[in-house]
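Residues per chain, in single letters:
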Amino acid sequence: MNREVTLPLIVDDRGTLQVAAADVSKLLRTVGGRWVRLVEAGESGLDEDTVAALTIELAKLADRIDVACIAHSSGPGPVT
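Values in this document were obtained by computation on a predicted structure and should not be read as measured data.

Caption draft 1: Quick peek at the nonpolar core. By size, the foremost hydrophobic cluster in this structure holds 6 residues: Ala21, Leu28, Leu58, Leu61, Ala62 and Ile65. Secondary-structure elements contributing two or more residues to this core are helix H1 (21–40) and helix H2 (48–74). Counting residues per element, this core draws most heavily on H2, at 4 residues. Setting aside its immediate chain neighbours within four residues, leucine 28 contacts Leu58, Leu61, Ala62 and Ile65.

What follows is the structure, encoded as C-alpha cells:
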C-alpha cells in the first residue's frame, strides 16, 4: 500500500516558517523510537510487528520531509 501524505508547512503572512521541519522529522523519529522501547520493555497490548511497521513508516515520512527541505534550501540549480 502506497499512500501519499501532504504536510503543509505553517507559515506566517511573510512566509516565515512557524514550525521547523527538522523539529517535525525529529518528533516523528522520537515517537517511533519510544514505541520500540516500549515493546522491548514488554509493554502489554503492543504488537511488535505493528510497532515495527509504524516506526518504519514514520521514519520514511521523516526522511521525505528532510529530503524536501534539503531540496528547497538548495534552490534551483544553475541554468544551462
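Caption draft 2: Quick look at the pattern of salt bridges. Overall, the coordinates contain 3 salt bridges when judged by the stated rule. Arginine 29 serves as the salt-bridge partner of aspartate 63, at 2.3 Å between the closest nitrogen and oxygen. In this pair, aspartate 63 is assigned in helix H2 and arginine 29 in helix H1, connecting sequence segments 34 residues apart. Classification of aspartate 63 by relative accessible area gives partly exposed; the value is 39%. Ionic pairing is found between lysine 60 and glutamate 57, a salt bridge with its closest N-O pair at 3.2 Å. With lysine 60 and glutamate 57 both in helix H2 and 3 residues apart, this pair spans about one turn of that helix. Residues participating in the shared-partner salt-bridge network are Arg29, Asp63 and Asp66.

What counts and how
Residues numbered from 1 in each chain as written. Predicted model: local features only at pLDDT ≥ 70, side-chain atom pairs only at ≥ 80, totals over all residues. Heavy atoms only, no water. Core = buried A, V, L, I, M, F, W, Y, C linked by side-chain atoms within 4.5 Å. Buried < 20%, exposed > 50% of the residue type's maximum accessible area, 1.4 Å probe, protein only. Helix = DSSP H or I, 4+ residues; strand = E, 2+ residues; numbered from the N terminus. Contact = heavy atoms within 4.5 Å. Salt bridge = Lys/Arg side-chain N within 4 Å of Asp/Glu carboxyl O.

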